[in-house]
Structure formats: C-alpha cells, structure tokens
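Structural overview for review
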Amino acid sequence: MEILYKVHNNLYVNLTNKCPCACTFCLRQNMDHVGESKSLWLEREPSAEEVIAEFAKFDMSRFNEVVFCGFGEPTEAFEVLKKVAAFVKETYHMPIRLNTNGLGNLVNGRDITPEMEGLIDTVSISLNTPNADRYHELVRSKFGDKSFDAMLDFARSSTKYVPNVVMTTVDTTITKEEEEECRRICDSIGAKYRIRPWED
C-alpha cells in the first residue's frame, strides 16, 4: 500500500479512501495516482503505527511540509491523523498541512477543530463555489444540503486553532464573478483565498 508519497517538495500522507463527497472534478475518477505515487487506492486503512513506520523510508530533510491528503477525506481517519501529526511534530518539527473538504465535523459527529491546535499549521479547505445549491451539484455530499454551511462553520472555527486557514476553488469550475464572491466569503471568515489550477 502506498501510504506516503512525494509531490514536488512535500511528503503526502494517504490515510483513507473514504470520502463523504463525490466531487464532479475529483482526480480519482480518472486516475489512480498523484505526483510520484503509483496507486493511492488502499487495500485497507493503515493504523497510526503503520503510517509512522513509513517515515523511516524517507529522508525527511528533503521535504518542506507534511500534507495529509490522499484518495479520501483525511478527517475520515481523524484519530490516526492526530497520532501521526503528533509524531511528525515531535520527531521532525516540520510544518503540517491538512487538505480537506471541510466536512470533518459532520464526519466525526463533533467539532474537531480544537483538536487540530498545535498539530496542524495550515488547513486548506475546498470552498469550490460561493453558492450552496451549486456547491451541492459540484460536491454531491452524502450529508446533503447542510454540507455548505457546515464547511463554512468548519473554516470559521479553524481560524481559532490553526495559524493558516486557506479556502480554495478550482480555476475552470466557476466564473470570475463567483471567484470575487468566494473572496468576500474568505475575508468574512478570516481565511486566505486561493484559486487552484485544474489538474488532469
């Protein structure tokens, strides 16, 4: 199983293939790898101990950041994520980023944002669109209509516990006017806005 994989100068952690969403633009619909990985489809979810053991295979001095992001939503394996993040902090003293759809509170049935304090340096949240109806069309969350507001609440709460909160859209999926609306949403939350390039 490919648990850790390199993308540019960062080391990515692939914890799970579970995701509450079926985004229309998701990479995993038409490919099985990202960066230098071979296949990110997991046979099963690794334990924290299995993930931690994988770090010994890499020269960690070569990487700028450890990123929780694979072929699933990392907060689906939040307990493992916290243990691994604590290990990385204690052992390598490296910045840690979480790439997420922002539905972790719905996934876990509680507000998980306070638990990120001291572990996660950057949380990057997929905003996708400024419109709740359009969001549901694009993201197709199993949690339905409450997902958009839950994602915004997650972002807002994250700003209390995580130094750097970023919200993203994909550059070919919305209009310039919608991008400006997204920028206003991010400003109101206290998050940075980033437009990601489409990757195919």
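Just above, that's the structure.
The following paragraphs examine the structure supplied in this document. (Residues numbered from 1 in each chain as written. Predicted model: local features only at pLDDT ≥ 70, side-chain atom pairs only at ≥ 80, totals over all residues. Heavy atoms only, no water.)

When helices and strands are counted, the protein shows six helices and seven strands. Each helix (α) and strand (β) of the protein, taken in turn from the N terminus, gives the series β-β-α-β-α-β-α-β-α-α-β-α-β. Overall, the C-alpha framework of the protein stretches about 45 × 35 × 30 Å when taken along its three principal axes. Classification of the 200 residues of the protein by burial places 52% in the buried group. Counted over contacts in the protein with a minimum sequence separation of 6, partners at least 24 positions apart contribute 78%. (Helix = DSSP H or I, 4+ residues; strand = E, 2+ residues; numbered from the N terminus. Buried < 20%, exposed > 50% of the residue type's maximum accessible area, 1.4 Å probe, protein only. Contact = heavy atoms within 4.5 Å.)

What follows concerns the pattern of salt bridges. Going through the model one piece at a time under the given rule, you end up with 13 salt bridges. Its salt-bridge partner being Arg110, residue Glu115 comes within 2.9 Å of it at the nearest N-O pair. Exposure remark for Glu115: the relative accessible area of 24% places this residue in the partly exposed category. For Arg110, a relative accessible area of 32% translates into the label partly exposed. Members of the salt-bridge network, linked through shared partners, are Glu79, Lys82, Arg110 and Glu115. (Salt bridge = Lys/Arg side-chain N within 4 Å of Asp/Glu carboxyl O.)

Attention now moves to the pairing of strand β2 (residues 10-13). In summary, the side chains of a regular strand alternate between the two faces of the sheet. Neither face of β2 is open: one carries Asn10 and Tyr12, the other Leu11 and Val13, and all of them are buried. Here strand β1 (residues 4-7) runs beside β2; their pairing, made up of four bridges, is antiparallel. Among the inter-strand pairings, Lys6 is bridged to a residue of β2, identified as Leu11. What sits between β1 and β2 in their antiparallel hairpin is a turn of two residues, with His8 showing a positive phi close to 55 degrees. (Pairing = 2+ DSSP bridges.)

Quick look at the packing of aromatic side chains now. Applying the stated criterion across every chain, the model contains seven aromatic pairs. Relative to Tyr92, the ring of Phe87 lies with its centre 5.7 Å away and its plane at 85 degrees, an arrangement referred to as edge-to-face. According to the relative accessible area criterion, Tyr92 is partly exposed, its value standing at 26%. (Phe/Tyr/Trp six-rings, centres within 6.5 Å; stacked < 30°, edge-to-face > 60°.)

Under the counting rule described, the total for this entry stands at zero disulfides. Residue Cys21 stays outside any disulfide, its sulfur separated by 4.7 Å from that of Cys19, the closest cysteine. The class for Cys21 is buried, based on a relative accessible area of 9%. Residue Cys186 stays outside any disulfide, its sulfur separated by 6.6 Å from that of Cys182, the closest cysteine. For Cys186, a relative accessible area of 0% gives the class buried. (Disulfide = S-S within 2.5 Å.)

For the rest of this paragraph, the subject is unusual backbone geometry. Its identity as a non-glycine residue notwithstanding, Asn128 has a phi of 75 degrees, on the positive side. In this structure, Asn128 sits in the loop between β5 (122-126) and α4 (132-139). The backbone of Arg140 shows a phi angle near 55 degrees, a positive value even though the residue is not glycine. Assignment of secondary structure puts Arg140 in the loop between α4 and α5 (147-158). Classification of Arg140 by relative accessible area gives partly exposed; the value is 41%.

Val51, Phe55, Phe68, Met151 and Met167 are the most contacted members of the largest nonpolar core, which has 54 residues in total. Residue contributions to this core peak at seven residues, all from helix α2 (residues 78-92). For Val51, the contacting residues outside a window of four places in its chain are Ile3, Leu4, Val13, Leu15, Pro46, Val80 and Val84. Counting eight residues, the second-largest nonpolar core is a separate cluster that includes Tyr5, Tyr12, Leu40 and Phe71. (Core = buried A, V, L, I, M, F, W, Y, C linked by side-chain atoms within 4.5 Å.)

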